Amino acid sequence: MQTASSYEKVLLARSKDRPGIYDYIRTLFDGFIEFHGDRLYRDDPSIVGGIAMFHDIPVTVIGHHKGKTTEEQIAYNFGMTSPEGYRKARRLMVQAEKFGRPVITFIDTPGAYPGMEAESNGQSNAIAENLAFMSAMQTPSIAIITGEGSSGGALALAVSDRVWMLENAVYSILSPEGFASILYKDAKRASEASDAMKLTAQDLKQFGLIDAIIPEGKKMFLALDSMLLRELNRLMKMNKTALVEARYQKFREIDHMND
Amino acid sequence: MLLNDIFSQRKIMWNRMAQKRKRGQEKIKACPKCKMEYYSGEWKENQYICPSCHAYMPVPAKERVAYILDENSFKELFAQIITKDPLDFDGYEEKLQLNQRKTGMQDAFLAGVGKIENRKVAIGVLDGRFLMGSMGTAVGEKIVCLTEYAKKKNLPLIIFSASGGARMQEGLFSLMQMAKTATAIEQFKQKGGLFISCLTNPTTGGVSASYASLGDIILAEPGALICFAGPRVIEQTIGQTLPEGFQRAEFLLEHGMIDCIVERKDFRDTLSSILQMHL
Ligand SMILES: [Zn+2]
């Protein structure tokens, strides 16, 4: 079923040649205005967020920013987000809810930033608050894992009504290297770990942990555009109570899906 | 040596002899910090606090419930929930069985109802001895069932956490338990429920970054390690050793992340006082 091995997919998912957050924004949306800051401490550049038009629907767009060149990667902390970034995302989602805008997130992160300042500023608190807010948000949300969706740092933007993955994206509890060093006491066994972890879009679709796979290639943006349009229209027709209840059940029933 | 010291040393010796007569059959466990040896009954009676150096040892979930609740008031719920080993992960089944044998629990979470000073509560306790108290599908499901039970019955919800984070052997299913527990807790809180989250050593990773950080009130035991990324991971990232006390309960208090630090033996009284103000 798979042409590339799990670990090849991990490497592919991390490739600098893949589209980044601004590529998605430029291609899929019009008139993007970027908003900054968590209103508490600072602006975390590893998260990009703002408002834009999707066809005739105003939406809030939020995503991880990894950067492509080395300078960029350092500037955006390789897409590793600090509490301020998650709090910025949450602030933009609160705003989206107020004005009834759907939220579309693009996820591509090696994980939440494991730094001293991030811990001091409440990394756990920031992630947990995002999970809680997204779970009960009274406006539709769609999460798209575009590259590397690693750990709570990815989930913090993905408690959504629809969770999609690009064909060569991966979504996992932590990096295969981290997983291997914990369970096999040897980070070099990452390839073996990525098989055992079942982190490819194909595996996760089979488990029912994600809703759809977006085929990559020439017509990827076209496919994404039609899927977004169709599902947003569907979700926006639901009343708020039904929407929140459906999302509750979606995550509530997660381990029964493969029964 | 002072006369006083000699007397206190003899007192300790007498005490040890008396304990030996009383508990000769019990297992002896040494304090990992000061190496003093005590019988298992002594540990239990002293709430797993070392009598000589006052270090906090991990508390088995069943004992924790006994320390917190009115005598014989605990009734276990959702005991039948077990993991389905969703990834069919090599060696996991055997590891589970070994941990079940070691702890007498089906998985790392004990859930139930009981009373504190006659006030009925829903209570859950993570047991750090069971695969480091890690949260997989069984733990997540039990937390959600308990939360929904508390919501339905209008009970305050108290959860004691002790966890190394998400359970690796269940992969993304474990990550999803963060979303699942956070979702249930949020609904419970929005319906007016009181959630008191009690953090004990250690509360880290996916547990710390989900339901455990969502308490209306967050209490912690002194010295408990509470963090998202563990100290070793951070040391690798920044390439230097961390300062003393970093990510400990006192540090979190100072940084505004928890409400207060409560001594282990004061927990029952503190919880009771809080409950009295939430009638
Ligand atoms: Zn000791």
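Structure shown above.
Keep in mind that what you see is a predicted model, and the values were worked out from it rather than measured.

Asker: Give me the overall build of chain A: which residues, what numbers.
Answerer: For chain A, the helix and strand inventory stands at twelve helices and eight strands. For 259 residues, the compact-globule estimate of 2.2 N^0.38 gives 18 Å, and the C-alpha radius of gyration of chain A, at 17 Å, lies within 12% of that figure. Reported as C-alpha extents along the three principal axes, the dimensions of chain A are approximately 50 × 40 × 35 Å. Burial statistics for chain A: of 259 residues in total, 59% are counted as buried. Within chain A, contacts between residues separated by at least 24 positions form 72% of all contacts whose residues are at least 6 apart in sequence. Accessible surface, chain A as shown: approximately 10200 Å² in total, 54% of it carbon and sulfur. Looking at chain A, you have 30 positive and 33 negative side-chain charges, and the mean spots of the two groups are 3 Å apart.

Asker: Just give me the short version of the coordination of the zinc ion, but keep the residues and values in it.
Answerer: Residues and elements named next belong to chain B. Protein coordination at the zinc ion comes from Cys31 (SG), Cys34 (SG), Cys50 (SG) and Cys53 (SG), with a distance range of 2.2 to 2.4 Å. Considering all four donor atoms around the zinc ion, the spread of angles at the metal, 104 to 112 degrees, places the coordination shape in the tetrahedral class. Mapped onto the sequence, the donors of the zinc ion take the spacing C-x2-C-x15-C-x2-C. Remark: Cys53 occurs in the loop between helix H2 (40–45) and helix H3 (61–68) and Cys34 occurs in the loop between strand E1 (28–30) and strand E2 (37–39); sequence separation between them is 19 residues.

Asker: So what's going on with the nonpolar core? Residues and values would help.
Answerer: Judged by nonpolar contacts, the single largest core of 156 residues is most densely connected at Ile144(A), Tyr171(A), Ile196(B), Tyr211(B) and Leu271(B). Considering every element that reaches this core, the biggest residue donor is helix H6 (residues 171–190) of chain B, with nine residues. What Ile144(A) contacts, discounting residues up to four positions off in sequence, is Ile104(A), Thr105(A), Phe106(A), Ile107(A), Trp164(A), Leu166(A), Ile214(A), Leu224(A) and Leu228(A). Counting nine residues, the second-largest nonpolar core is a separate cluster that includes Cys31(B), Tyr38(B), Trp43(B) and Tyr67(B).

Asker: Break down the environment of Ile51(A) for me, citing the residues and quoting the values.
Answerer: All names here are of chain A. Note on placement: Ile51 falls in strand E2 (residues 47–54). For Ile51, a relative accessible area of 21% corresponds to the partly exposed category. C-alpha of Ile51 to C-alpha of Thr200: the two residues are 149 residues apart in sequence and 30 Å apart in space. When residues no more than four places from it in sequence are discounted, the contact partners of Ile51 are Gly31, Phe32, Ile33, Phe35, Val59, Thr60, Gln95 and Arg101.

Asker: Can you explain unusual backbone geometry? Please cite residues and give values.
Answerer: All names here are of chain B. A cis amide bond links Asn201 to the next residue, Pro202, at an omega of -15 degrees. With respect to the helices and strands, Pro202 occurs in strand E7 (residues 195–204). Despite not being glycine, Asn154 has its phi angle at roughly 60 degrees, a positive value. For Asn154, the position within the fold is in the loop between helix H5 (137–153) and strand E6 (157–163).

Asker: How would you sum up the interface of chain A and chain B? Please name residues and give values.
Answerer: The interface of chain A with chain B comprises 47 residues on the first partner and 48 residues on the second. With both chains or domains summed, chain A and chain B bury close to 4000 Å², and 70% of this area falls on carbon and sulfur atoms. Three residues stand out in chain A for area buried against chain B, namely Met116(A), Ile173(A) and Tyr248(A), and they jointly supply 17% of the buried area on that side. Taken together, chain A and chain B are joined by two salt bridges. If you look at where chain A meets chain B, you find twelve residue pairs in polar contact (both at pLDDT 80 or more). Secondary-structure elements contributing two or more residues to the side of chain A that touches chain B are helix H5 (116–120), helix H6 (123–136), helix H7 (151–155), strand E7 (170–172), helix H8 (176–183), helix H9 (190–197), helix H10 (201–207) and helix H12 (240–252) of chain A. Sort the elements by how many residues they give to the side of chain A that touches chain B and H6(A) lands first, with ten residues. Of the residues that constitute the side of chain A that touches chain B, the class distribution is 27 nonpolar, 13 polar and seven charged.

Asker: Can you lay out the packing of aromatic side chains for me, pointing to particular residues and giving the numbers?
Answerer: Applying the stated criterion to the full structure yields eleven aromatic pairs over all chains. Plain terms: the ring middles of Tyr24(A) and Phe106(A) are 5.1 Å apart, the flat faces sit at 25 degrees to each other, and that makes the pair stacked. Taken together, the positions of Tyr24(A) in helix H2 (residues 21–28) and Phe106(A) in strand E4 (residues 103–109) put the pair 82 residues apart, joining distant regions of the chain. Both residues of the pair, Tyr24(A) and Phe106(A), count as buried. Considering the side-chain rings of Tyr38(B) and Trp43(B), the 5.8 Å spacing of their centres and the 85 degrees angle between planes classify their relative orientation as edge-to-face. Owing to a relative accessible area of 6%, Tyr38(B) belongs among the buried residues under this scheme. Ring pairing ties together the aromatic residues Tyr24(A), Phe29(A), Phe54(A), Phe106(A) and Phe221(A), which thus form one cluster. Positioned above the aromatic ring of Tyr184(A) is the side chain of Arg189(A), whose terminal nitrogen or guanidinium carbon lies 4.4 Å from the ring centre. Here the basic side chain of Lys250(A) rests over the ring of Phe251(A), its NZ or CZ set 5.9 Å away from the ring centre.

Asker: Can you tell me about the pattern of salt bridges, naming the residues and giving the values?
Answerer: Residues and elements named next belong to chain A. Taken as a whole and assessed by the stated rule, the structure comprises 28 salt bridges over all chains. Between Arg90 and Glu129 there is a salt bridge, with the nearest N and O atoms lying 4.0 Å from each other. Taken as a pair, Arg90 in helix H4 (residues 83–98) and Glu129 in helix H6 lie far apart in primary sequence, 39 residues in all. Sharing partners across several salt bridges, the network here consists of Arg14, Lys66, Asp108, Glu148 and Glu177.

What counts as what
Residues numbered from 1 in each chain as written. Chains lettered and ligands numbered in written order. Predicted model: local features only at pLDDT ≥ 70, side-chain atom pairs only at ≥ 80, totals over all residues. Heavy atoms only, no water. Helix = DSSP H or I, 4+ residues; strand = E, 2+ residues; numbered from the N terminus. Rg over C-alpha atoms; globule rule 2.2 N^0.38 Å. Buried < 20%, exposed > 50% of the residue type's maximum accessible area, 1.4 Å probe, protein only. Contact = heavy atoms within 4.5 Å. Areas by Shrake-Rupley, 256 points an atom, 1.4 Å probe, with all protein chains shown as cover. Lys, Arg positive; Asp, Glu negative; His and termini not counted. Charge placed at Lys NZ, Arg CZ, Asp CG, Glu CD. Donors = N, O, S within 2.8 Å, 3.2 Å for Na, K, Ca; no water. Tetrahedral: all angles 85-135°; square planar, octahedral: opposite > 155°, others 65-115°. Core = buried A, V, L, I, M, F, W, Y, C linked by side-chain atoms within 4.5 Å. Buried area = accessible area lost by both parts, 1.4 Å probe. Salt bridge = Lys/Arg side-chain N within 4 Å of Asp/Glu carboxyl O. Polar contact = N/O pair within 3.5 Å; in protein donor to acceptor, adjacent residues only side chain to side chain. Nonpolar A, V, L, I, M, F, W, Y, C, P; charged D, E, K, R; others polar. Phe/Tyr/Trp six-rings, centres within 6.5 Å; stacked < 30°, edge-to-face > 60°. Lys NZ or Arg CZ within 6 Å of the ring centre and 35° of its normal.

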